[in-house]
Amino acid sequence: VEPSRAKYKDADYFVEEVRRALTEQRWADAQRRAHDMKGLAGMLGARRLLPAARALRTAIAAHRADPDGAEVERVRIELDRVLAEIATLVPPRAR
């Protein structure tokens, strides 16, 4: 796996970016990441990830998102599910 693509193998990279931004109270950065995730979920038709990303974005906009809170964890779980589904569509040699 190329280093630049490795960060997208699981949800941990996204979650750590959001958690770091929230911990450092960089609300705009956290908001941007949540907005990007919401857009990605919508583009993919990820019906469970989309509302999770919306809830995270709303919590961040209200400055009430917790780095270890339920909204962040729900996005992590749903993103992992989406990535696992995508992995089943990719031929083994392409992984």
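What counts and what doesn't
Residues numbered from 1 in each chain as written. Predicted model: local features only at pLDDT ≥ 70, side-chain atom pairs only at ≥ 80, totals over all residues. Heavy atoms only, no water. Helix = DSSP H or I, 4+ residues; strand = E, 2+ residues; numbered from the N terminus. Expected span 1.5 Å × (residues − 1). Buried < 20%, exposed > 50% of the residue type's maximum accessible area, 1.4 Å probe, protein only. Arc of directions from axis to C-beta. Contact = heavy atoms within 4.5 Å. Polar contact = N/O pair within 3.5 Å; in protein donor to acceptor, adjacent residues only side chain to side chain.

Novice: Just checking my understanding: could you explain helix α5 (residues 70-89) for this structure?
Specialist: Residue pairs spaced three or four apart in an α-helix point in one direction, given the helix's 3.6 residues per turn. The end-to-end C-alpha distance of α5, which contains 20 residues, comes to 29 Å, matching closely the 28 Å that a straight helix rising 1.5 Å per residue would cover. Along α5, the residues classified as buried are Val 72, Val 75, Glu 78, Leu 79 and Val 82. For α5, the buried positions fall inside an angular range of 135° around the axis, keeping them on one side. Away from its buried face, by an angle of more than 90 degrees, α5 presents the exposed residues Ala 70 and Thr 88. Where α5 is buried, its residues touch α2 (12-23), α3 (27-44) and α4 (49-61).

Novice: Before we go on, may I ask you to explain the side chain of Glu 78 in this structure?
Specialist: With respect to the helices and strands, Glu 78 occurs in helix α5. Its relative accessible area of 10% is what places Glu 78 among the buried residues. A polar atom in the side chain of Glu 78 sits 2.9 Å from the side chain of Arg 81. Excluding residues within four positions of it along the chain, Glu 78 makes contact with Arg 48, Leu 49 and Ala 52.

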